[in-house]
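# Overview (structure and organization)
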Amino acid sequence: MILSWGSLKPSKTLFFGIGALMVFFFFVLAGQANAATYTVNSTEDSTDGICDSVFVDETTDCTLREAIENSNTNIGNDTIVFMIDDSLEIDDGQWTINIASSLPTVSDQITITGASAWDTENDRPGIKLYESSGSTNAFHFISGSEGSKLHAIEIQGFRRGVVTYTDDITIGTDCDLSNDAIERNVIYESGMQDILLQGASGRIKGNYIGVQADGITIESRGAGAAIFVWLSEADNNIIGFEEGTSATCDPALQRNVIGGAASIKNGVELASDAGTILAGDANLAPSQNQITGNYIGVGADGVTPISTGTNGVFLRHGAALNTVGTNGNGIDDGYEGNVIGGWRDGV
């Protein structure tokens, strides 16, 4: 058989398909190539816009502020890690960064992790952020930062420890089988809320919130709520154990320990901004959220009271179709119950 070029001529469809495939792989590889790791090597809170990879002094360094600034301008799934010289330790096994003003908002996907600096001897984060006035926010995730993660940071004294305005943010362990046991955040003594999810959905797993790093020492001050889920778009959040994961991620590592010192503080609060809504309406308030497998008002030992607040779980202004405890569907039901105590009202 003799074949002419005409019988083998590629079709326009073939050229189009190959072209589209090449463009797709270009963008995938470009995104991977641009992903960067920034190493914080200083306890300073200054910025000259440059994240210096080798620490020399307080002017030639990489601060957390500089790392976030650089990550925001670099397109890709970046990572911020911490490697600070022992001479800069303030407390045994822990480095404290005193934050003078609000950190830059996070506007690109990033993983911020202090796992490599974990204080093994005291079983706590080795990196601590401190702000004494309660007037600024620590971490603030906005549109563009979807898929971001925050691991192994102690956050004390801010107006809010973590604020998310966008979806798919993981606070605490991500259950990816890497460092899951040392990804706990500790967030307490906030002026308003320790964590605010405003019109956003994500995961809050395995943290100490409204209680100090040992999991049993009650915070010295507090207000608002340990976790506040607000507005109608704040749906499908997982707070605590995630159903169907018991075989691959220890339920105890997913448990949040939630406390509160102020008499007006709530543990977990879900609400809309429509204060006149009295009957539950899932279209107007947070819905389909899961609050499961947590200690709320009870310390990490499962016994010690860590709350003097008002409500362990507070659903108001239309919050409906949310699950507190097991859903009874036969999947991991034994891990889904919360232990709630020490509040004026449990739920």
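Residues numbered from 1 in each chain as written. Predicted model: local features only at pLDDT ≥ 70, side-chain atom pairs only at ≥ 80, totals over all residues. Heavy atoms only, no water.

### Focus: the layout of surface pockets
For the largest pocket, the calculated volume is near 190 Å³. Forming the walls of the largest pocket are 13 residues, and the residues nearest its centre are Arg184, Tyr208, Ala252, Leu253 and Arg255. Residue composition of the lining of the largest pocket, by class: seven nonpolar, two polar and four charged. (1 Å grid on protein atoms, 1.4 Å probe; cavity = no way out; pocket = protein on both sides within 12 Å on 5 of 7 lines; lining within 4 Å. Points joined across faces, edges and corners; volume = space filled by probe spheres on them. Nonpolar A, V, L, I, M, F, W, Y, C, P; charged D, E, K, R; others polar.)

### Details of the sheet that holds strand E12 (residues 193-198)
Spatially, the six strands line up as an open sheet ordered E6-E9-E12-E15-E18-E21, and their pairing is parallel. In this open sheet, the two strands that pair with only one neighbour each are strand E6 (137-141) and strand E21 (313-315). The average undirected angle you get between the axes of adjacent strands in this sheet is 10°. In this sheet, E21 lies alongside strand E18 (residues 266-271) in parallel orientation, the contact comprising three bridges. Considered in E21, the bridge of Glu269 is made with Phe314. (Pairing = 2+ DSSP bridges. Helix = DSSP H or I, 4+ residues; strand = E, 2+ residues; numbered from the N terminus. Axes fitted to C-alpha atoms, helices over the stretch in contact; angles between N-to-C directions.)

### Comments concerning the side chain of Thr164
If you trace the backbone, Thr164 turns up in strand E9 (residues 160-164). On the accessibility criterion, Thr164 (1% relative accessible area) is buried. With residues up to four places along the chain from it excluded, the contact list for Thr164 reads Phe141, Ile169, Ile171, Leu196, Leu197, Gln198 and Ala200. (Buried < 20%, exposed > 50% of the residue type's maximum accessible area, 1.4 Å probe, protein only. Contact = heavy atoms within 4.5 Å.)

### What about the environment of Gly312?
With respect to the secondary-structure elements, Gly312 resides in the loop between strand E20 (295-296) and E21. Residue class for Gly312 comes out buried when judged on its relative accessible area of 0%. It is 5.8 Å that separates the C-alpha atoms of Gly312 and Trp343, two residues lying 31 residues apart in sequence. Once residues within four sequence positions are removed from consideration, Gly312 is found in contact with Gly267, Val268, Ile296, Ile340, Trp343, Asp345 and Gly346.

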